[in-house]
Amino acid sequence: DCDSLPDILEALYDENADVRLAAAHALMNFSDIGDRFYSQAFSRYRMVETLKEIFRHETSSAVRGAIIQVFSLIRQPDTVSYLLDVLKEQDGSVRAYCIYTLGLFHDPNTAYYISPYLSDQDVHVRSNAIVAMWQFAKYHPALKLQIKKMLDSQDPAEIRAALYAMGEINLNWQDKLKQLLDSDDESIAFEAAFALTKIGDTIGFQVLIDHLV
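What this report covers is the structure whose coordinates are included nearby. No experiment lies behind these values; they were computed from the predicted model shown.

Observations concerning the overall build of the protein chain
Scanning the protein chain for helices and strands turns up 14 helices and zero strands. Ordered by position in the sequence, the α and β elements of the protein chain form the string α-α-α-α-α-α-α-α-α-α-α-α-α-α. By the compact-globule yardstick of 17 Å for 213 residues, the protein chain fits well, its C-alpha radius of gyration being 19 Å. Taken over the C-alpha atoms alone, the protein chain extends approximately 55 × 40 × 30 Å along its principal axes. Intrachain contacts of the protein chain at a sequence separation of at least 6 include 55% that bridge at least 24 residues. In the form shown here, the protein chain has an accessible surface area of approximately 11,300 Å², with 51% of it arising from carbon and sulfur atoms. Charged side chains in the protein chain number 19 positive and 31 negative. The centres of these two groups are separated by 7 Å.

Listed below in structure tokens is the structure:
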């Protein structure tokens with residue numbers, strides 16, 4: 001209900017971080033927000049300015065990430081320049097969320113801005129850059145090489161990031177995923193299981209269910 005949007009925006013100022021996160025997630029559910037709410041100039045302006053203000057002062061990385069994703073729903077030219085400014089943030093998790101959001105625009109020209117982050121020092125930034133660019137087929141060979149390089153790393157964080165990307169883009173390297181289910185590093189095994197569930201392999205579900213019970 002678009003009439004509830006002013007109240008949801010107010011909830012972004014709540015003292016409780018969980019309430020702020022719930023408000024940001026509520027905004028993400030308005031898939032047609034650009035068609036219905038943004039026909040009103042002042043409402044559109046208030047939405048954009050509120051999100052920018054909250055983002056600047058927000059201390060929770062989860063809330064900041066959710067706010068960044070809301071920007072993908074806003075059909076406003078100035079959100080593009082704002083997101084490109086956010087890419088300069090020192091916080092790797094914020095840059096990672098931002099890159100993921102740029103991918104939601106489904107614009108081939110976003111690859112120009114995303115590709116430099118394939119070599120970012122932060123592994124989560126790199127994995128989200130892979131996810132964001134995978135929608136463009138011409139980059140698949142280079143992105144597969146990047147994933148293979150991360151999987152061959154001795155750094156568990158790099159391997160987990162590669163597994164996350166594989167699950168998000170539905171990269172069906174099942175043999176490698178099943179091999180990593182037996183990893184001595186439990187976090188790697190679980191990430192491999194999550195990736196398998198994302199591509200619909202029942203083995204991944206079984207591993208996670210066994211752990212839960």
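Read on for the rest.
A word on the pattern of salt bridges
A full pass over the atoms with the stated rule returns 10 salt bridges. Between glutamate 49 and lysine 52 there is a salt bridge; the shortest N-O distance is 3.9 Å. Residue glutamate 49 and its partner lysine 52 are located together in helix α4 (residues 41-57), separated by three residues, close to a single helical turn. Under the relative-accessibility criterion, lysine 52 is labelled buried at 12%. Here lysine 88 makes a salt bridge to aspartate 85, at a shortest N to O gap of 3.6 Å. Residue class for lysine 88 comes out exposed when judged on its relative accessible area of 63%.

Looking at the packing of aromatic side chains
With the rule as written, the count across this model stands at three aromatic pairs. Each ring, one from phenylalanine 55 and one from tyrosine 82, has its centre 6.2 Å from the other, and the planes form 80°; the classification is edge-to-face. Linking phenylalanine 55 in helix α4 with tyrosine 82 in helix α6 (residues 77-86), this pair joins segments that are 27 residues apart in sequence. The exposure class assigned to phenylalanine 55 is buried, which follows from its relative accessible area of 3%. The interplanar angle of 75° and the centroid separation of 6.5 Å between the aromatic rings of phenylalanine 136 and tyrosine 139 together place this pair among those described as edge-to-face. Among the residues examined, phenylalanine 136 registers a relative accessible area of 11% and is labelled buried. Given a relative accessible area of 24%, tyrosine 139 falls into the partly exposed group. For arginine 64, the ring lying beneath its charged end belongs to phenylalanine 55, and the centroid distance is 4.2 Å.

Criteria and cut-off values
Residues numbered from 1 in each chain as written. Predicted model: local features only at pLDDT ≥ 70, side-chain atom pairs only at ≥ 80, totals over all residues. Heavy atoms only, no water. Helix = DSSP H or I, 4+ residues; strand = E, 2+ residues; numbered from the N terminus. Rg over C-alpha atoms; globule rule 2.2 N^0.38 Å. Contact = heavy atoms within 4.5 Å. Areas by Shrake-Rupley, 256 points an atom, 1.4 Å probe, with all protein chains shown as cover. Lys, Arg positive; Asp, Glu negative; His and termini not counted. Charge placed at Lys NZ, Arg CZ, Asp CG, Glu CD. Salt bridge = Lys/Arg side-chain N within 4 Å of Asp/Glu carboxyl O. Buried < 20%, exposed > 50% of the residue type's maximum accessible area, 1.4 Å probe, protein only. Phe/Tyr/Trp six-rings, centres within 6.5 Å; stacked < 30°, edge-to-face > 60°. Lys NZ or Arg CZ within 6 Å of the ring centre and 35° of its normal.

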